[in-house]
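Results of the structural survey
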Amino acid sequence: MAGTRREAGIGRLSKLLAPFKSFLIRLTRRPRSPRPSPKPSDRLHTSSPTISTGLPGIPSSSNSSPQNCDVGVAGLSSPTIPHDPYQKNLERLPQSPTQGLNGLASTGWHVLRQTLSITREFSEAFPPLKAAIGGLLSIMEYVDMVNDVQEDFSELATRMENFNRLLKRYQTQEAELPRSVEDRFSKFSSALNGQIEIMRDKMRRGVVKRTLEAPSDSQELVRIVRTLTALVDGFTLDTAISTNINVEEIRSQIGKLTIVAQKIDRYSQVNVEAILRPVRSALCEPDEYPEEYKGCLPGTRTATLISAKETLRSALTSGDEQKFWLTGVSGSGKSTLSTSLVSALRADGLTVATFFCRRDQVDRCDPRRVIPTLAWYLASNLPEFRTSLGPILLELEEGRKALPSHPMAQLNTLLLRPLWDLATAHASRPCLSPSVVILIDALDESDEISRHLLVDAFTSIKFPVGVSVVLVSRKTRDLKQRLRFIPILLDLDQHLHGPDMDHDIKLYLENRLRDIREQQQEEASWPSEFEVSSLTKRADDLFIWAVIACNFIEQPSCREELSHILKSNVVVGIDDLYAYTLGSEFSKMHGKHAWVKDYRSVMGCIICSISPLSPTDIAFLLGQPLNVINATLQVLQPLLTNDQDHVRLIHASLADYLLDEKRSQQLWVPHSYLHLALARGCLNVLIQFSEERSSSLNLEALSGPSDFVDLSYSYSRIPSHIQYSSDFWARHLVQAQLDDDELFNIANLVKNFLENSFLSWVESLSVLHIVPSGLYSLNCLYAWTQKWELSFQDLALDSHRFLETFRVPIQSKAAHIYMSALPWAPSSSLIARIYLGKLDPNRCHLPVVLSGLPSDWPSDDSFEELQLDVKGLYHRHSNGLLIFSSDGSLVAHAVDQELRVWNARNGHLICGPLHHNSKILAIAISSDNQFIASSVIHNDEISIDGNFSFTIASFPILTATVAPVFHKTVEVYVDLAKTRFRGDTNAFLVFSSDSSLLAHALNKDLYVWDIHNNLLICGPIHHPANILAVEISSNNQYTHQDE
């Protein structure tokens, strides 16, 4: 390959120097006439050599040549000149043959003068050159005639014609000329001026006549003319070389651009949604989610929206303030106003990325899902952002990096870096265009434990100019403390009591009541202006009050319900409206204690559910008939919303009200109806599901890969309440408030679940692809058992270690629980003991490990005990070798350049680490367990001369010394130089049954050594194909198999 590169380099150099070589040849070649050269004394009486102009109407200087014909070319010729404007000037040269060699009649002289005149006309763009040509013409006007040098004049004239075509390209250019072109012409003009000075010096000698008669002067003029010819040729050569260099530079740039384009194309193929997993429902998209994202009614909140837009636009331009807080009490319309603000900003051409949190949806209350969702939206709407994010996405897709889980790391990686790249790409002042607004709504509904990480990330980071962040929340204690230093975009509490708010709420009531009137077919006069004004006054400037009141009125008895609200003692406040709405239903159920219990159970389930539940899910989790659940939900309908058969509270403020005993009083939902009820319900349905499905699991059939799929198919339709319970049972458990009796009962239920339904639950985790969520649940469970000092702490810990150790195969297929996890669990594993004891080994076709199982789970410092450089091994991406001895008592492991041998029964390290000077390619353990052999190649690549070397060695296993008992280094020659051995080498080591012989196969060559006498007894034997296997028979005869 090196020779090929040298040849290619010589070829390119020859091609580059070809014009220069041609130029030198032409310079050294004097034009010769076909006739014999005249003697020096006859020079003045010899006809001039022929001159080729390639133009009609210019005769040869020879009297014998016919007119109007082309003749031979002298010197450096050029292709026929296309018809150019300056040809007309050449055609006006004197044509009389009488002009001959006398006076100004020399044709070569006239052609040169006329060509230089045209050159002066074409050099308008280069004033120094124009001045130099003018000086040359003035000298030619002084000189009358020079004998014997017409041929040189003709050569110079031909060069000047080519030079004129070059000048013509720049004559009509309006743009500023490149600096390199100006420099080239300036150098040429300086050289030309030097020759002109020499000619002027000749004239300053006192030669007044217009002829140069002295022979020395004639020869000097010949030399000067030839020098001028060389200058023109040199200029042309310089231009040609410069052009070639520029072409090569352009080609190099195109190659680089091609590589960049290929990378960009590869980035564009990355599945962004699969990597970032955005929460699509959290994006403010009214077209996709019209029931959830409803903005302000037309004509309402106009002044507030204008104020917010102007503040944001000013901040986007100046960059002085980048983060803002939009706040207000519950029910003040923050989310509705945010939706309208987002729509207005998008209508103005801004890119607005949003995330609307919700406490009753697990994905939308998780702070870790916010930034990936924002990044996905920006990548989907801004191609430049998508391109800048491309390298990061590719690393995530290929597994070279993991998606950060901490909000600060997410913000730096997924948002901040791409935004700064865009801001600094095209401007000296970092500024993003088009501008980007990030809005996060309902921060107070996100996870209370971890939301401060998200808030701190956004408030502490500086964004480029053109980016603004709006955080929307109530004034909760933690958020008020962390957001107190950023400017307030809008404080809706300050706008509650005013004419604008009254006007907006009244307009909403009019529109909503009109819809109810049409729906219930009431008279056109209903409701009256007085009734609408009374409702507006009672709303006390809270939009949520107006919404709930309309929900309560929206019944067939709408007239009566409106009258009840107006005649009641309810005057102002959201609490009073909640009390009135639920109190009226309580009054209908007076004396029905069972209904009160059902109400608290259902409402507690809805309030505390991590993800929205359907009526059927609630019925299963509470253990109640579905008709009872539906009847209770019907009574509570004014305070609930139904989204795709999932029940939600109408507003987050209702949960705050019902969980506060002082505010809600008899409507209070006690803690026993909250997380404890859901934890109990989740565990009960999981245990029942395990009992129902156990009979359908045919573990006897688990004997092949096809059965792995069949087991997953049996769980393809897991009910939604089982899915919910599998994901969230532990989260409800750790949040339950327990007394002693409740703790005893729920603890027994958890223990029963671990001892009888654990593997069934793990199957569900595998099928649902939520094994990481299961690990989190078991981690919470172990912490919970420690908190309450329960007796089954060890069982909880063992269950976590079981799932953590085998999480990779279990996540792939559920059947790996029984094929790849349970049989290989440590002998001390409580989970393995329990569930292996439940299975009949004669009926279940499961693997049985007879020896070599570890006694306990691997600890966190296992790598330190083995003294492995884990970081170094990771960066080298090494592949290890692992073999058992023939009796299964020993296991050998080679990774990179280190070799170890363990006792497989107790896990003790008995040999090593044995350090090698190159990567280990093959290992073998002798049949008597006395020796461990290894093979290495010393070079990554074969040398240019085709040589490389390998070493095989045999070490004693059970002795303290690490010196090899056998060691051989072999030099090998191969035909193909530069063959790489690291990635495609086939290497095998095999001991004979008596451990006296060691066979080594390397690709196509086979060697056999007597390790006791340190002798090569066979080989190298070359095979036509790579050797795939080697074995030594009991009589020490070997066999092999080729590809």
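Nothing here was measured: the structure is a model prediction, and the numbers come from that model.

Sheet architecture is open: four strands sit in the order β8-β9-β10-β11, paired in antiparallel fashion. Each of the sheet's edge strands pairs with one partner strand only, and the pair in question is β8 (881-884) and β11 (909-915). The mean angle between the axes of side-by-side strands here comes to 10 degrees, regardless of whether they run parallel or antiparallel. Bridge count for strand β9 (residues 890-895) against strand β10 (residues 898-903) is six bridges, and the pairing is antiparallel.

With twelve residues, helix α11 (residues 370-381) extends 17 Å between its outermost C-alpha atoms, agreeing within 8% with the 16 Å of an ideal straight helix rising 1.5 Å per residue. Most of α11 sits out of view: ten of its twelve residues are buried. Looking only at α11, the buried set comprises Val370, Ile371, Pro372, Thr373, Leu374, Ala375, Trp376, Tyr377, Leu378 and Ala379.

Let's shift gears to the pairing of strand β13 (residues 931-937). Here β13 lies mainly inside the structure; seven of its seven residues are buried. Residues Phe931, Ala933, Ser935 and Ile937 of β13 are buried on one face, and the alternating residues Ile932, Ser934 and Val936, pointing to the opposite face, are buried as well.

Before going further, it helps to examine the sheet that holds strand β3 (residues 431-441). Read from one edge of the open sheet, five strands run β2-β3-β4-β1-β5, paired in parallel fashion. Each edge of the open sheet is held by one strand with a lone partner, namely β2 (351-356) and β5 (488-491). Between one strand and the next, the sheet's axes are offset by a mean angle of 15 degrees, whatever the strand orientation. In this structure, β2 lies alongside β3, joined through six bridges in parallel fashion. Looking at β3, one finds that alanine 353 is bridged to isoleucine 438. Packing of helix α10 (residues 334-347) onto the sheet brings it into contact with β1 (323-327), β2, β3, β4 (465-473) and β5, and relative to β2 it is tilted by some 160 degrees.

Attention shifts here to the side chain of threonine 476. Within the secondary structure, threonine 476 sits in the loop between β4 and α15 (477-482). By relative accessible area, which is 17% here, threonine 476 ends up buried. Here the side chain of threonine 476 touches aspartate 478 through a polar contact of 2.9 Å, side chain to side chain. Among residues more than four places away in sequence, those in contact with threonine 476 are Asp444 and Arg451.

Right, let's talk about the confidence of the model for the chain for a bit. As a note on interpretation, predicted positions should not be read in detail where pLDDT is low. Taken over all residues, the pLDDT of the chain has a mean of 75, while the share at 70 or more is 66%. In the predicted structure, residues 940-946 sits below a pLDDT of 50 and forms 20 contacts with residues beyond four places in sequence or in another chain. Across residues 975-983, confidence stays below pLDDT 50; counting only partners more than four residues off in sequence or on other chains, it has 21 contacts.

Let us look at the packing of aromatic side chains. Evaluation of the coordinates by the stated rule reveals 14 aromatic pairs. These aromatic residues form a ring-pair network of at least three members: Trp729, Phe753, Phe758, Trp761, Phe802, Phe806 and Trp857.

Turning to unusual backbone geometry, a few remarks are in order. Each neighbour pair has its own omega, and for tryptophan 526 with proline 527 the value is -10 degrees, a cis peptide bond. The phi dihedral of glutamine 665 falls on the positive side, at around 55 degrees, and the residue is not glycine. Considering the arrangement of structural elements, one finds glutamine 665 in the loop between α25 (661-664) and α26 (675-694). Classification of glutamine 665 as exposed rests on a relative accessible area of 57%. Look at asparagine 929: it is not a glycine, yet its phi comes out positive at around 60 degrees. Within the secondary structure layout, asparagine 929 lies in the loop between β12 (920-925) and β13. The exposure class of asparagine 929 is buried, given its relative accessible area of 11%.

The rules behind the values
- Residues numbered from 1 in each chain as written.
- Predicted model: local features only at pLDDT ≥ 70, side-chain atom pairs only at ≥ 80, totals over all residues.
- Heavy atoms only, no water.
- Pairing = 2+ DSSP bridges.
- Helix = DSSP H or I, 4+ residues; strand = E, 2+ residues; numbered from the N terminus.
- Axes fitted to C-alpha atoms, helices over the stretch in contact; angles between N-to-C directions.
- Expected span 1.5 Å × (residues − 1).
- Buried < 20%, exposed > 50% of the residue type's maximum accessible area, 1.4 Å probe, protein only.
- Contact = heavy atoms within 4.5 Å.
- Polar contact = N/O pair within 3.5 Å; in protein donor to acceptor, adjacent residues only side chain to side chain.
- pLDDT = per-residue confidence, 0-100.
- Phe/Tyr/Trp six-rings, centres within 6.5 Å; stacked < 30°, edge-to-face > 60°.

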